[in-house]
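What follows is the residue order along each chain.
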Amino acid sequence: AAPPAAPPGAVGPGRGAMLRALTREVIARPVRAAKNGDPAASVGRGAGPKGSAVTLPLDTNPHTAPAHTTPPQTRAVVEELLRRIGAGDPERIAELYAEHGDWKLNWPEAEHGRTDTPWIRHRATRADAAAHYRELAAHHVPGQAGTEIERLLVDGDDAVVLGEIRQTARSTGRPYRARFALHLTVENGLVTRHHVYEDSLAVAQAFAPDEPAREA
C-alpha cells in the first residue's frame, strides 16, 4: 500500500501558501486508476530497460509549459522524463538532464561501480545520465520489468516521485521488487538534481552470484 500523504500539520506555521501550492501539485493516482480506465492515467511501455511498464499521470503537455520554472513546468518535465524512461531510449532520456548536474544514489559507497551492478554510482553529466540508462537496460531482462508511480509531489523547482520498481536480473534470472523515492530538481526546463533512495538490499540480493556448493 502507498504511504499516506503527510498531514497538513506537518508543514510549519506561516507556510499556508506553500501548503496550498503543494496540495495543488500532488498527484496520488495509484496503478489501479489505469486499470480502471481512468483517462488521466496511462501505462507507457517500452524499456527502462526495454519492455518495462511505467504507470504515471498524464496531465500536462510539456511543450505548452510556461517558459519559466514554475511548479506546473516542474511537473511537466518530470512527467515527460518518466514517459521517456518508460520508452527506454537512453539518449532521449538524457536530453531532459542538464549538461552538468547532481546525481546521487543512496547505496553504500563501497558498492558503487561493481561489475554486476555498474549503473550504481554517482553521475555528473548528461552523458553520464545516458550511460546510466544503457547500463541499467543491459543488466536486466527485457520485457520483465515495470515501475509503479504511486505519487508525484511538486513544490517549486523540486519534485519527489514515490513508487516501486519490478525487474529481473539478467545475470542470475532472479526477479526483484524495490521501493524507491526519487528527488528531482528542474531548472530552466532541465533536471539538475537526481537523487535516488531505494531498497538497495533487494537489488544486491538479486544480482549476488550463487555460492559454490560445499563438498561434503
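Preceding this section is the structure that the text describes.
Presented here is a report on the structure given in the accompanying data block.

**Considerations on the overall build of the protein chain**
Piece 1. A count of helices and strands for the protein chain gives six helices and eight strands.
Piece 2. Counting across all 216 residues of the protein chain, residues that qualify as buried make up 42%.

**So, the pairing of strand E6 (residues 158–168)**
Piece 1. Most of E6 is tucked away: eight of the 11 residues are buried.
Piece 2. As consecutive antiparallel partners, strand E5 (residues 145–155) and E6 are separated by two residues, and within that stretch Gly156 has a phi angle of approximately 65°, a positive value.
Piece 3. Across 11 bridges, the pairing between E6 and strand E7 (residues 175–187) is antiparallel. Along E7, the bridge assignment pairs Leu162 with Ala181.
Piece 4. Adjacent in sequence and paired antiparallel, E6 and E7 are bridged by six residues, among which Gly173 carries a positive phi angle near 75°.

**Looking at the environment of Glu79**
Piece 1. Within the secondary structure layout, Glu79 lies in helix H3 (residues 71–87).
Piece 2. The buried category is assigned to Glu79, whose relative accessible area is 0%.
Piece 3. Through-space distance from the C-alpha of Glu79 to that of Leu152 is 8.8 Å; in sequence the pair is 73 residues apart.

**A closer look at helix H5 (residues 126–138)**
Piece 1. Counted at 1.5 Å a residue, the expected span for H5 with its 13 residues is 18 Å, and the 19 Å between its end C-alpha atoms agrees.
Piece 2. Within the sequence span of H5, burial applies to Ala129, Ala130, Ala131, His132, Tyr133 and Leu136.

**Brief notes about the nonpolar core**
Piece 1. In terms of nonpolar packing, the biggest core is built from 37 residues, with Val78, Leu81, Tyr97 and Val161 touching the most fellow members.
Piece 2. In contact with Val78, not counting residues within four places along its chain, are Leu152, Ala159, Val161, Leu184 and Val186.

**Observations concerning the pairing of strand E8 (residues 190–198)**
Piece 1. Bridge count between strand E3 (residues 97–105) and E8: five bridges; the pairing is parallel. When the bridges of E8 are listed, Leu105 appears paired with Val196.
Piece 2. Pairing between E7 and E8: eight bridges, direction antiparallel. The partner of Thr185 across the bridge, within E8, is Arg193.
Piece 3. The loop that links E7 with its antiparallel partner E8 comprises two residues; one of these, Asn188, has a positive phi angle of about 55°.

**Re the pattern of salt bridges**
Piece 1. Counting across every chain of the model gives 14 salt bridges.
Piece 2. Its salt-bridge partner being Glu80, residue Arg84 comes within 2.9 Å of it at the nearest N-O pair. With a gap of four residues between them, Arg84 and Glu80 both fall in helix H3, about one helical turn apart. Residues Arg84 and Glu80 agree in their burial class; the two are buried.

**Description of helix H6 (residues 200–207)**
Piece 1. Ser200, Ala202, Val203, Ala206 and Phe207 are the residues of H6 that are buried. What you see down the axis of H6 is that its buried residues fit within an arc of 165°, all on one side. Looking at H6, the residues exposed on the side facing more than 90 degrees away from the buried face are Leu201 and Gln205.
Piece 2. In this structure, the buried side of H6 is in contact with E7 and E8.

**Focus: the packing of aromatic side chains**
Here the distance between the centres and the angle between the planes together describe a pair of aromatic rings.
Piece 1. Using the criterion set out here, one finds three aromatic pairs in the structure.
Piece 2. With centroids separated by 6.1 Å and ring planes inclined at 70°, the aromatic side chains of Trp103 and Tyr133 adopt a geometry described as edge-to-face. Within this pair, whereas Trp103 is found in strand E3, its partner Tyr133 is found in helix H5, the two being separated by 30 residues in sequence.
Piece 3. Residue classification places Trp103 among the buried positions, given a relative accessible area of 4%.
Piece 4. What makes Tyr133 buried here is its relative accessible area of 7%.

Calculation notes
- Numbering of residues starts from 1 in every chain and runs along the sequence as written.
- Owing to the predicted nature of the model, reporting of local features is limited to residues with pLDDT of at least 70; listing and counting of side-chain atom pairs is limited to 80 or more, with chain, interface and lining totals taken over all residues.
- Based on all heavy atoms of the structure, the side-chain values leave hydrogens and waters out of the count.
- Secondary structure elements are defined from DSSP: runs of H or I of at least 4 residues count as helices, runs of E of at least 2 residues count as strands, and each element is numbered from the N terminus.
- A simple rule labels every residue: compare its accessible area, found with a 1.4 Å probe on the protein chains alone, to the largest value its type can have, and call it buried under 20%, exposed over 50%, or partly exposed in between.
- Here a strand pair is declared whenever DSSP counts at least two bridges between the two strands.
- Multiplying 1.5 Å by the residue count of a helix minus one yields the expected span of that helix.
- By convention a nonpolar core is built from buried Ala, Val, Leu, Ile, Met, Phe, Trp, Tyr and Cys residues, the set being connected through side-chain atoms within 4.5 Å.
- Contact criterion: two residues are considered in contact whenever any of their non-hydrogen atoms come within 4.5 Å of each other.
- Whenever Lys or Arg places a side-chain nitrogen within 4 Å of a carboxyl oxygen from Asp or Glu, that contact is recorded as a salt bridge.
- Comment: arc refers to directions from the helix axis out to C-beta atoms.
- Ring pairs shown here join Phe, Tyr and Trp side chains whose ring centres sit within 6.5 Å, with only the six-membered ring taken for Trp; geometry is labelled stacked below 30 degrees between planes, edge-to-face above 60, and tilted in between.

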